[in-house]
Amino acid sequence: MTHRGRVRVNNEDTFLALTFDAHEVRYLGKIGESTLAESDFIFAVSDGMGGAKSGEFASRIAAEKITRLLPRSFKFSAQRLVPGFADILSLLFDNIHTELTRMGRVYDECAGMGATLSLGWFTPGWMYFGHLGDSRIYYFPKDGEMTQVTHDHSHVGWLRRTGKINEREARTHPRRNVLQQALGAGHQLLDPHVGAVSCQAGDRFLFCTDGLMDGLWDRAIKDLVMAPSPAQKELPVAQLLVETALAESGKDNITALVVEML
């Protein structure tokens, strides 16, 4: 689910949910189930930034590039060439960055536009991820604690990861929205966070933009995903997360995408 929030005029968030093999890409519905038997899956969120509507444009370009480039990589997954995933995802991020940078130079209305991207590539038994910016991927193992898989590419994110500030201090820090890395946006060198998470039946993943974290503390996210009340269970988890964040804040666009392994 995605929502423009209560303040922003435009929704600069984009989410992507698709299945692909070596031949074609098929978009998934808002809610549904499918199998990994014959194809892989991609889930991603991107938060655009830039003047006018260029932020919307930036996040859509990121999604479009994914649909063009990843099907060519299906053979690596089919052959279980695990070491190749990092190179594939790094190349994907580089291509998106190059395109956003080019358009920013060519078109005045696109100058300075950029986007975050948090992407998960699901194959049998694994979720390979690539990430840049301050959108996030959370992992909810069937038997274990919630983990933030991705690193926020900001000084404030580094301060929190290294234990120099806590969550409350991070949320009120004056530079909390300043990114050190993003796709486009005038950044010169990229170092995407790439990795892999083994997964099994019962595991869940949340892909979300920073508008969700603006309205919900980590503990609230954990409770809504892992221990919702009987009334809350009536709603799809992504809708529950977005609507709760909207009620608590709504100052930014909000996007949540939830994947469960069955």
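Keep in mind the model is a prediction, meaning the values are calculated, not measured. In every chain, residue numbers begin from 1 and rise along the written sequence. Per-residue local features are limited, in this predicted model, to residues with pLDDT of at least 70; the limit for side-chain atom pairs, both in listing and counting, is 80 or more; totals at the level of whole chains, interfaces and linings are taken over all residues. Excluded from the side-chain calculations are hydrogens and water; all other atoms, namely the structure's heavy atoms, are used.

A. How the structure looks around helix α7 (residues 218-226). Restricting attention to buried positions, one finds in α7 the residues Asp 218, Ile 221, Leu 224 and Val 225. All buried residues of α7 fall inside an arc of 130 degrees around its axis, so they share one side. A 1.4 Å probe rolled over the protein chains alone gives each residue an accessible area, and that area as a share of the maximum for its type sets the label: buried under 20%, exposed over 50%, partly exposed in between. Secondary structure elements follow DSSP: runs of H or I no shorter than four residues count as helices, runs of E no shorter than two count as strands, and numbering proceeds from the N terminus. Think of it as the arc spanned by the lines of direction from the helix axis to the C-beta atoms.

B. Molecular detail of the packing of α7 against helix α8 (residues 237-248). Inter-axis angles, ranging from 0 to 180 degrees, are taken between N-to-C directions of lines fitted to C-alpha atoms, where helices are fitted over the stretch in contact. Running from amino to carboxyl end, α7 crosses α8 at an angle of 150 degrees, the nearest separation of the two axes being 10 Å. With respect to α8, the element α7 is oriented roughly antiparallel. Our pair here, α7 against α8, has a crossing hand that is right-handed. In this structure, α7 contributes Ile 221, Leu 224 and Val 225 to the contact, and α8 contributes Val 237, Leu 240, Leu 241 and Thr 244. Any residue outside Ala, Val, Leu, Ile, Met, Phe, Trp, Tyr, Cys, Pro, Asp, Glu, Lys and Arg is labelled polar, Gly included; the first ten of those are nonpolar and the last four are charged. Here the residues of the contact of α7 with α8 are counted per class, giving six nonpolar, one polar and no charged. Orientation is classified from the angle alone, with under 35 degrees giving roughly parallel, over 145 giving roughly antiparallel, 65 to 115 giving roughly perpendicular, and any other angle giving oblique. Working rule for handedness: look at the near helix, and if it is turned counterclockwise from the far one by less than a right angle, call the crossing left-handed; if clockwise, right-handed. Every residue pair with non-hydrogen atoms within 4.5 Å of one another is taken to be in contact.

C. How the structure looks around the nonpolar core. By size, the foremost hydrophobic cluster in this structure holds 29 residues, and its most contacted members are Ile 42, Ile 66, Leu 70, Leu 119 and Trp 121. Those elements giving two or more residues to this core turn out to be β2 (13-20), β4 (40-49), α1 (54-69), α3 (85-106), β6 (117-123) and β7 (126-132). The biggest single contributor to this core is α3, with eight residues. If we skip the residues at most four places from it in the chain, Ile 66 touches Leu 16, Ile 42, Ala 44, Pro 71, Leu 92, Ile 96, Leu 117 and Leu 119. Nonpolar core, defined: a set of buried Ala, Val, Leu, Ile, Met, Phe, Trp, Tyr and Cys residues in which side-chain atoms within 4.5 Å join the residues together.

D. Quick look at the packing of aromatic side chains. Whether two aromatic rings pair depends on their centres lying within 6.5 Å, for rings of Phe, Tyr and Trp, where Trp uses its six-membered ring; planes under 30 degrees apart make the pair stacked, over 60 edge-to-face, and the rest tilted. Tallied over the full model, the rule gives eleven aromatic pairs. Seen from their ring centres, Phe 41 and Phe 43 are 6.3 Å apart, and the 5 degrees between their planes marks the pair as stacked. The two residues Phe 41 and Phe 43 agree in class, both being buried. Between Tyr 138 and Phe 140, the ring centres sit 6.5 Å apart and the planes meet at 35 degrees, which makes this aromatic pair tilted.

E. How the structure looks around the pairing of strand β12 (residues 204-208). Along β12, five of the five residues are buried, which leaves the element largely enclosed by surrounding structure. What you see with β12 is no split at all: Arg 204, Leu 206 and Cys 208 on one side and Phe 205 and Phe 207 on the other are buried throughout. Pairing between strand β8 (residues 136-140) and β12: five bridges, direction antiparallel. Opposite Tyr 139, over in β12, you have Phe 205 as the bridge partner. Sheet analysis places β12 next to strand β13 (residues 254-260), joined by five bridges and oriented antiparallel. Paired with Leu 206 across the two strands is Val 258, which belongs to β13. Here the rule is simple: two strands pair whenever DSSP picks up at least two bridges between them.

F. Here's a closer look at the side chain of Ser 59. Of note, Ser 59 is situated in helix α1. A relative accessible area of 1% places Ser 59 in the buried class. Ignoring any residue separated from it by four or fewer positions in sequence, one finds Ser 59 in contact with Glu 12, Asp 13, Thr 14, Ser 46, Asp 47, Gly 48 and Ala 115.

G. Local environment of the environment of Val 225. Relative to the elements of secondary structure, Val 225 occurs in helix α7. The class for Val 225 is buried, based on a relative accessible area of 3%. As a C-alpha pair, Val 225 and Leu 241 span 16 residues in sequence and 8.0 Å in three-dimensional space. Look past the residues within four positions of Val 225 in its chain and what remains in contact with it is Phe 140, Arg 204, Val 237 and Leu 241.

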